[in-house]
Number of protein chains: 2
Amino acid sequence: MLQHPPAEPGMREEDVETPALLLDLDAFEHNLDLMASLLAPTGAKLRAHAKTHKSAVVAMQQIRRGAIGQCVQKVAEAEVLAWGGVPDILVSNEVVGPRKLARLAALARVAKVAVCVDDAAQVAACAAAAEAAGIRLTVLVEIDVGAARCGVPPGPPAVALAEQIAASKHLIFGGLQAYHGSAQHKRAPEQRAESIAAAAEMCRRTVEQLRQRGLDCPIVGGGGTGTFGHEAASGVYNEIQAGSYAFMDADYARNSNPPPFRQSLFVLATVMSRAIPGVAVLDAGHKAVSVDSGMPLLWQRPGLVYTSASDEHGKLEVRDGTAPALGEKLRLVPGHCDPTVDRYDWYVGVRGGRVECLWPIAARGGMA
Amino acid sequence: MLQHPPAEPGMREEDVETPALLLDLDAFEHNLDLMASLLAPTGAKLRAHAKTHKSAVVAMQQIRRGAIGQCVQKVAEAEVLAWGGVPDILVSNEVVGPRKLARLAALARVAKVAVCVDDAAQVAACAAAAEAAGIRLTVLVEIDVGAARCGVPPGPPAVALAEQIAASKHLIFGGLQAYHGSAQHKRAPEQRAESIAAAAEMCRRTVEQLRQRGLDCPIVGGGGTGTFGHEAASGVYNEIQAGSYAFMDADYARNSNPPPFRQSLFVLATVMSRAIPGVAVLDAGHKAVSVDSGMPLLWQRPGLVYTSASDEHGKLEVRDGTAPALGEKLRLVPGHCDPTVDRYDWYVGVRGGRVECLWPIAARGGMA
């Protein structure tokens with residue numbers, strides 16, 4: 001069931017089979033180094049989010065260039081990273097169900113792992129899994145700082161959960177998870193700044209209340225590619241959980257004053273039909289590129305517009321008369337990088353027009 | 001890189017790890033038998049579309065219950081099916097590029113394969129690949145019957161391509177590909193009927209013109225789950241290419257006078273947070289269920305509405321006060337079945353509340 005790699009090292013980019021997920025290695029490395037240099041003066045550390053890249057190889061590159069570890073959203077991702085050598089993994093999310101918690105506790109023997117809770121029953125479930133595995137599990141309290149998805153309210157409800165964690169001999173209180181997801185794509189910079197100022201104030205208040213109860217708060221984690229500068233400068237967030245910064249996508253580029261990273265991720269597609277006048281059809285539709293945040297854009301082909309996707313086709317409107325040839329390969333900029341990556345088994349790393357490497361996307365897909 | 005199966009045969013459905021792709025086997029088999037009985041009086045044959053299911057196991061069940069073979073959209077799908085024992089495969093699409101055509105020609109030694117063209121250059125490319133492989137390749141002409149995506153116009157342009165195919169000693173003229181994709185989801189039954197009446201008339205005229213030039217037209221293929229009754233009754237289409245009928249989805253169910261099949265495909269998800277009042281959060285977001293044709297629906301839980309997806313979360317609004325419990329497992333009806341299947345490695349076949357089988361989805365993903 002492993003897919004053929006669509007390329008081999010040394011091959012020219014135009015010979016890569018399509019659809020394929022290209023990673024421009026110069027842009028990717030630039031983004032990793034830029035994030036490290038932006039965070040250095042703030043003192044905040046990068047714990048890059050692996051839900052974007054789903055790959056232990058990418059994770060290890062991020063760690064080599066300054067990240068202290070990785071975030072994931074699910075146990076299956078934590079397993080793939082730990083098995084691939086990642087030493088420090090936070091499941092920045094709730095894990096519900098005894099079998100998944102048992103898998104997570106087992107993983108604590110090969111890597112440093114931590115998980116979040118937002119319910120008292122979950123503290124007890126984490127303690128039971130840790131006890132059964134004979135380990136101590138680090139548990140963070142997730143607080144809702146504005147996204148209204150997961151997390152208890154900041155302040156006393158968070159303190160109560162933290163005290164419950166600290167009272168268990170099988171658990172270690174790890175801190176606060178305070179990600180404001182919906183702030184990342186607010187278009188106006190001042191909206192993003194205001195959202196994170198409010199979130200930081202909620203964190204600050206909760207950290208202070210924890211301290212009053214004698215509880216130290218090692219991690220205060222949050223921040224994505226759209227807002228990380230605000231969290232990093234807040235003086236209260238100490239771990240930044242950005243993921244998309246490594247790749248970028250069309251939706252982040254639509255933010256006013258967008259993040260300062262280069263587009264490194266592309267879907268390479270082939271023109272497979274030119275039979276209809278004014279239309280070119282690509283071999284990249286819903287199963288090759290995510291459209292949940294809008295259609296992909298054509299890279300450096302301003303006269304072509306990707307107007308609609310079907311399962312295995314993308315329809316381009318030819319607007320300036322310079323139609324692509326049948327068989328021509330074009331780069332697409334995905335609308336949303338995370339779910340696009342998730343469709344592929346391989347990154348095709350390119351530099352200077354040649355394939356340099358192939359990296360497996362081992363944690364992709366709807367894994368339980 | 002093979003994902004763990006999320007279940008084992010014999011397990012209760014509520015013990016399946018999530019997210020998981022469930023196939024209700026009673027409903028699935030009902031759908032296969034119903035399609036066979038609906039087509040029997042028309043004389044049209046079913047060549048079920050594997051872009052929906054991506055699995056040789058599903059394909060062989062369809063063939064066992066009356067299908068004459070399978071359609072696919074790409075060479076990688078054809079390979080997985082042929083290697084899994086499917087004897088007769090039509091790539092109902094154009095295949096561009098010498099390496100892909102070489103793979104297709106190689107496959108002609110283990111299965112009956114055919115492919116479509118809509119460009120004279122592609123006829124030459126198919127002939128070159130067939131000659132190099134030492135086989136004769138069956139080639140159909142795709143005509144545009146209203147979808148304005150791929151395909152030459154019906155009538156003389158189609159006849160010219162057919163004559164070019166028939167003139168090559170390395171190729172066999174296989175007939176006409178005439179799928180009207182955009183008609184499938186027209187909401188009003190009379191719109192669907194009108195679209196297919198027009199498409200059938202285009203086919204009829206082209207078949208007649210081919211006959212006048214001495215060319216027989218073995219296959220006239222088209223028809224999807226939204227319109228197949230019209231193609232089957234037309235007297236000119238002789239192969240039906242429906243795929244979704246086996247599974248169904250929320251979007252097909254929104255058609256007025258929807259197709260008469262049962263929902264057999266579900267995403268099983270777990271409630272992983274209940275911290276926000278009036279909200280329940282599932283562990284199934286963009287990477288577990290496709291939203292390109294709308295949000296998923298809750299199965300038999302009318303008080304719950306799936307309002308938004310993020311990468312790994314689905315947010316439910318609790319409208320009737322009967323909130324699900326933390327850890328409860330819920331079935332989702334995908335908005336669009338094809339790209340949802342494509343996210344998973346395994347079907348979990350269930351019957352009577354128990355897991356009966358696990359089938360690999362070996363052709364999934366953005367394969368080149």
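Each value, and the rule that gives it
Residues numbered from 1 in each chain as written. Chains lettered and ligands numbered in written order. Predicted model: local features only at pLDDT ≥ 70, side-chain atom pairs only at ≥ 80, totals over all residues. Helix = DSSP H or I, 4+ residues; strand = E, 2+ residues; numbered from the N terminus. Rg over C-alpha atoms; globule rule 2.2 N^0.38 Å. Buried ≥ 20, exposed ≤ 12 C-beta atoms within 10 Å, placed from the backbone. Contact = placed C-beta atoms within 7 Å. Nonpolar A, V, L, I, M, F, W, Y, C, P; charged D, E, K, R; others polar. Expected span 1.5 Å × (residues − 1). Arc of directions from axis to C-beta. Least-squares fit on C-alpha atoms with pLDDT ≥ 70 in both. Domains from an automatic or database assignment. Core = buried A, V, L, I, M, F, W, Y, C linked by C-beta atoms within 7 Å. Pairing = 2+ DSSP bridges.

S.K.: Could you give an account of the overall build of chain A, naming the residues involved and the relevant values?
M.R.: A count of helices and strands for chain A gives eleven helices and 17 strands. For a compact globule of 368 residues, the expected C-alpha radius of gyration is about 21 Å, and chain A comes in at 22 Å, within 12% of that figure. Considering only C-alpha atoms, chain A reaches an extent of 70 × 45 × 35 Å along its principal axes. In chain A, which comprises 368 residues, the proportion classed as buried is 61%. Within chain A, contacts between residues separated by at least 24 positions form 67% of all contacts whose residues are at least 6 apart in sequence.

S.K.: An account of the interface of chain A and chain B is needed here, citing residue identities and associated values.
M.R.: Counting residues at the interface gives 61 residues for chain A, matched by 60 residues for chain B. At the level of secondary structure, the elements contributing two or more residues to the side of chain A that touches chain B comprise strand 1 (20–24), strand 4 (88–94), strand 10 (265–273), strand 11 (279–282) and helix 11 (337–341) of chain A. Residues belonging to the side of chain A that touches chain B are distributed by class as follows: 25 nonpolar, 17 polar and 19 charged.

S.K.: Quick rundown of helix 1 (residues 25–39) of chain A? Include the residues and the values.
M.R.: Residue and element names in this part refer to chain A. Between the first and last C-alpha of helix 1 there are 21 Å, a value that for 15 residues agrees with the 21 Å anticipated at 1.5 Å per step. Looking only at helix 1, the buried set comprises Phe28, Asn31, Leu32, Met35 and Leu39. In a view along the axis of helix 1, the buried residues occupy a sector of 95 degrees, so they form one face of it. Residues of helix 1 that are exposed and angled more than 90 degrees away from the buried face: Asp26, Asp33 and Ser37.

S.K.: Break down the relation of the copies chain A and chain B for me, with residues and values.
M.R.: Relative to chain B, chain A is turned by 180 degrees and slid 0.0 Å along the rotation axis, the superposed coordinates differing by an RMSD of 0.0 Å. Given the turn and translation reported, the copies of this chain are related as if by a two-fold rotation axis. Mapped onto chain B, 98% of the interface residues of chain A are again interface residues, and the two copies thus contact each other with one and the same surface.

S.K.: Before we move on, could you go through the domain arrangement of chain A and cite the residues and values that matter?
M.R.: Accessible area lost on assembly of the parts is the figure often given for the size of an interface. All names here are of chain A. The assigned domain composition of chain A is domain 1 (13–21 + 260–360) and domain 2 (43–247). Spacing between the C-alpha centres of domain 1 and domain 2 amounts to 34 Å. Counting residues at the interface gives ten residues for domain 1, matched by eleven residues for domain 2. Those elements that provide at least two residues to the side of domain 1 that touches domain 2 are helix 11 and strand 17 (354–360). The greatest single-element share of the side of domain 1 that touches domain 2, amounting to three residues, is contributed by helix 11. Of the residues contributing to the side of domain 1 that touches domain 2, the split by class is seven nonpolar, one polar and two charged.

S.K.: So what's going on with helix 4 (residues 75–83) of chain A? Residues and values would help.
M.R.: Residue and element names in this part refer to chain A. Burial of helix 4 is extensive: eight of the nine residues sit out of reach of the surface. Looking only at helix 4, the buried set comprises Val75, Ala76, Glu77, Ala78, Glu79, Val80, Leu81 and Ala82. Considering only its buried residues, helix 4 is in contact with helix 2 (50–53), helix 3 (56–64), strand 3 (69–72), strand 4, helix 5 (98–107) and strand 5 (112–117).

S.K.: Any details on unusual backbone geometry? Residues and values, ideally.
M.R.: Along the chain, Thr18 of chain A connects to Pro19 of chain A via a cis peptide bond; the corresponding omega equals -5 degrees. Within the fold, Pro19 of chain A resides in the segment before strand 1. Unusually for a residue other than glycine, Lys54 of chain A sits at a positive phi of about 60 degrees. Along the chain, Lys54 of chain A falls in the loop between helix 2 and helix 3. We note that Ala148 of chain B has phi near 55 degrees; this positive angle belongs to a residue other than glycine.

S.K.: Which residues make up the nonpolar core, and what values go with them?
M.R.: In this structure, Cys126 of chain A together with Cys126 of chain B are the most contacted members of the largest nonpolar core, which totals 254 residues. Aside from chain neighbours lying at most four places away, what touches Cys126 of chain A is Leu101, Val115, Val117, Leu137, Val139 and Leu171 of chain A.

S.K.: Could you give an account of the sheet that holds strand 3 of chain A, naming the residues involved and the relevant values?
M.R.: Residues and elements named next belong to chain A. With respect to topology, eight strands assemble into a closed barrel ordered 2-3-4-5-6-7-8-9, the strand pairing being parallel. Here five bridges tie strand 4 to strand 5, and the two strands are oriented parallel to one another. Across the sheet, Val91 pairs through a bridge with Val115, a residue of strand 5.

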